[in-house]
Amino acid sequence: MSHRIEVCLRLSLPDPAGRKVKSRIASDLGLTVADVRIADGYIIDSDLTPSELELLAEEVFRDPVVSTASIDSAIRIPFDWLIEVGFRPGVTDNVGRTAREAVERTLGRRFDPERGVYTRRLYFIRGDISREEANIIARDLLANDLVQTWTVYGPGEDRLSVTVPRVTSRSEEVIREVDLDVSNDELLRISKEGILALSIEEMG
């Protein structure tokens with residue numbers, strides 16, 4: 001079973017990173033929003049007890065002075081649109097890798113090789129914009145489509161399902177023996193079909 005921990009600055013504190021995104025939405029996209037607050041999400045791909053999750057939230061993910069955290073529940077930040085951005089399966093998640101090491105160290109045990117910790121960035125946007133405009137913000141400003149995925153949620157929409165961006169398919173190396181003691185025409189055919197880009201001399 002996988003779990004989700006979300007962390008954000010206390011609502012009583014200003015969010016400088018959110019203000020910067022708000023400014024960029026206006027300057028880069030020509031859209032006006034009232035407020036942006038940012039939270040970090042962590043998907044922990046391991047079967048953990050409630051007490052272990054509490055320990056991780058307090059010891060690994062949350063700064064008790066300035067931040068608050070939620071465990072397997074939506075963090076309480078008001079929004080008109082929420083944009084969630086995460087890495088595609090197989091893309092290196094350096095923050096997630098560091099978080100995994102901290103989790104293993106805190107719990108005193110290692111994860112299975114195929115399991116890990118995966119990060120998300122959550123943008124809570126307040127403002128009179130449409131879903132289409134929220135998608136434009138996600139696509140053109142917040143996410144890099146080559147390495148990241150993103151989802152837009154409205155208030156009341158279910159966003160608590162935990163999708164682990166784990167690579168599920170693996171390629172297998174195939175070694176084939178090819179007889180090169182054939183005619184030149186056959187060698188050219190082998191080079192072309194095998195995408196070898198070799199000349200007759202190189203295969204001779």
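Since the structure is predicted, the reported quantities are computational estimates derived from the model, not experimental observations.

Criteria and thresholds
- Residues numbered from 1 in each chain as written.
- Predicted model: local features only at pLDDT ≥ 70, side-chain atom pairs only at ≥ 80, totals over all residues.
- Heavy atoms only, no water.
- Helix = DSSP H or I, 4+ residues; strand = E, 2+ residues; numbered from the N terminus.
- Buried < 20%, exposed > 50% of the residue type's maximum accessible area, 1.4 Å probe, protein only.
- Contact = heavy atoms within 4.5 Å.
- pLDDT = per-residue confidence, 0-100.
- Polar contact = N/O pair within 3.5 Å; in protein donor to acceptor, adjacent residues only side chain to side chain.
- Phe/Tyr/Trp six-rings, centres within 6.5 Å; stacked < 30°, edge-to-face > 60°.
- Axes fitted to C-alpha atoms, helices over the stretch in contact; angles between N-to-C directions.
- Parallel < 35°, antiparallel > 145°, perpendicular 65-115°, else oblique.
- Left-handed = near helix turned anticlockwise from the far one by under 90°.
- Nonpolar A, V, L, I, M, F, W, Y, C, P; charged D, E, K, R; others polar.

*Asks:* Is there a simple way to explain the overall build of the protein in this structure?
*Replies:* Counting secondary structure elements, the protein contains 6 helices and 6 strands. From first element to last, N terminus to C terminus, the protein shows the α and β order β-α-β-α-β-β-α-β-α-β-α-α. A burial count over the protein gives 37% of its 204 residues as buried. Looking at the protein alone, contacts between residues at least 24 apart form 78% of all its contacts between residues at least 6 apart.

*Asks:* I keep staring at the confidence of the model for the protein and nothing clicks. Help me out?
*Replies:* Predicted coordinates in areas of low pLDDT are best not read in detail. Of the residues in the protein, 83% reach a pLDDT of 70 or more, and the chain-wide mean stands at 88. Element-level mean pLDDT values for the protein span from 60 in helix α6 (residues 200-203) up to 98 in helix α1 (residues 16-29).

*Asks:* How should the side chain of Ser-70 be read in this particular structure?
*Replies:* Topologically, Ser-70 is positioned in strand β3 (residues 67-71). Of note is the side chain of Ser-70, whose polar atom sits 2.8 Å from the backbone oxygen of Ser-73. Discounting chain neighbours no more than four positions away, the residues touching Ser-70 are Arg-4, Ile-5, Glu-6 and Ile-75.

*Asks:* What should I look at first to understand the packing of aromatic side chains in this one?
*Replies:* Geometry of an aromatic ring pair is reported as the spacing of the ring centres plus the angle between the planes. The final tally for this structure, using the stated rule, is 2 aromatic pairs. Here the aromatic rings of Tyr-42 and Phe-61 are separated by 4.3 Å at their centres, their planes lie at 35°, and the arrangement is tilted. Taken together, the residues Tyr-42 in strand β2 (residues 35-44) and Phe-61 in helix α2 (residues 50-61) connect sequence positions 19 residues apart. With respect to class, Tyr-42 is no different from Phe-61; both count as buried. Note on Phe-79 and Phe-124: the rings are 5.7 Å apart at their centroids and 65° apart in plane angle, and the pair reads as edge-to-face.

*Asks:* Looking at this model, I keep getting lost on the packing of α2 against helix α3 (residues 94-107). Mind explaining?
*Replies:* A packed helix pair is summarised by two numbers, namely the angle formed by the two axes and the spacing between the axes. One way to put it is that α2 packs onto α3 with a least axis distance of 10 Å and a crossing angle of 120°. When the axes of α2 and α3 are compared, the pair comes out oblique. Both α2 and α3 take part in a crossing whose hand is right-handed. Here α2 contributes Glu-52, Leu-55, Leu-56, Glu-59, Val-60 and Phe-61 to the contact with α3, which in turn contributes Ala-99, Ala-102, Val-103, Thr-106 and Leu-107. Per-class residue counts for the contact of α2 with α3 are 8 nonpolar, 1 polar and 2 charged.

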